[in-house]
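Residue-level structure breakdown
In case you want the letters, here they are:
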Amino acid sequence: MPNRIIKESINESRSLASVSLFANDLFKRLITYADDYGRFNADLNIIRARLYPFDVDSITLEDIEEWVTELIAISKVGFYKAKADIHPPYKIFGYLTGWAGHQRVRNSRKKYPEPEEDINDWYLQRFVPMEMKIAIAERDSLRCQDCQKDFRLDGFSIKANLRMI
């Protein structure tokens, strides 16, 4: 992968400020992982192993899925299905939505296929905004009363996100 230059304006992104610090960090790591066309293998096991090699014991696949869901909800990342030369016949890939506006696309061979079918709705159905997570944490001791899902918010992320509200 080529080296990437990240503009300092990324730190002033309102949409990235609306997600958890962990999703924000994942987005910046995905920039280094994407190919020259802003696409990447969306297998969560591979994302975790490639982007958090020293943290695989502390970062779960559920963490990665939650952070990806946050990034899809703010339209920074998208997922799609495309035909693959392996079994199963379709594979899931990811892409950074604003790639062409921020990176120079080089004349290189594409590492990942063109998008065929967008699958972002699956993730958007699972998206819980940070404001709602904080309200649930305060009201119900980190348990959603509708779906019974437990939300993992440590003190650091709660404090960081409370100042944004």
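Just above, that's the structure.
Residues numbered from 1 in each chain as written. Predicted model: local features only at pLDDT ≥ 70, side-chain atom pairs only at ≥ 80, totals over all residues. Heavy atoms only, no water.

This brings us to the overall build of the chain. Along its length, the chain carries eight helices and four strands. Every one of the 165 residues in the chain was classed for burial, and the buried ones make up 38%. For the chain, long-range pairs separated by at least 24 residues make up 63% of all intrachain contacts whose partners lie at least 6 apart in sequence. Accessible surface computed for the chain: about 10300 Å², of which carbon and sulfur atoms make up 51%. (Helix = DSSP H or I, 4+ residues; strand = E, 2+ residues; numbered from the N terminus. Buried < 20%, exposed > 50% of the residue type's maximum accessible area, 1.4 Å probe, protein only. Contact = heavy atoms within 4.5 Å. Areas by Shrake-Rupley, 256 points an atom, 1.4 Å probe, with all protein chains shown as cover.)

Despite not being glycine, S75 has its phi angle at roughly 60 degrees, a positive value. Positionally, S75 belongs in the loop between α4 (61-73) and β2 (77-83).

This part takes up the nonpolar core. One broad rule of soluble globular proteins: the nonpolar side chains tend to lie buried together. If you look at the biggest cluster of nonpolar residues, it comprises 27 residues, and the most contacted ones within it are L26, L30, F40, L71, V77 and L96. Mapped onto this core, the elements with two or more residues apiece are α2 (21-33), α3 (44-51), α4 and β2. With six residues, α2 is the single largest residue contributor to this core. In this structure L71 touches L16, A23, L26, F27, L30, K76 and V77, once residues within four positions along its chain are discounted. (Core = buried A, V, L, I, M, F, W, Y, C linked by side-chain atoms within 4.5 Å.)

Right, let's get into the packing of aromatic side chains. Enumeration over the complete set of coordinates arrives at six aromatic pairs. On the basis of an interplanar angle of 75 degrees and a centroid distance of 6.3 Å, the ring pair of F40 and F79 is categorised as edge-to-face. One end of the pair, F40, is in strand β1 (residues 39-41); the other, F79, is in strand β2, with 39 residues separating them in the sequence. Each member of the pair, F40 as well as F79, carries the same accessibility label: buried. The rings of F22, Y52 and W67 are connected pair by pair, giving a single aromatic cluster. (Phe/Tyr/Trp six-rings, centres within 6.5 Å; stacked < 30°, edge-to-face > 60°.)

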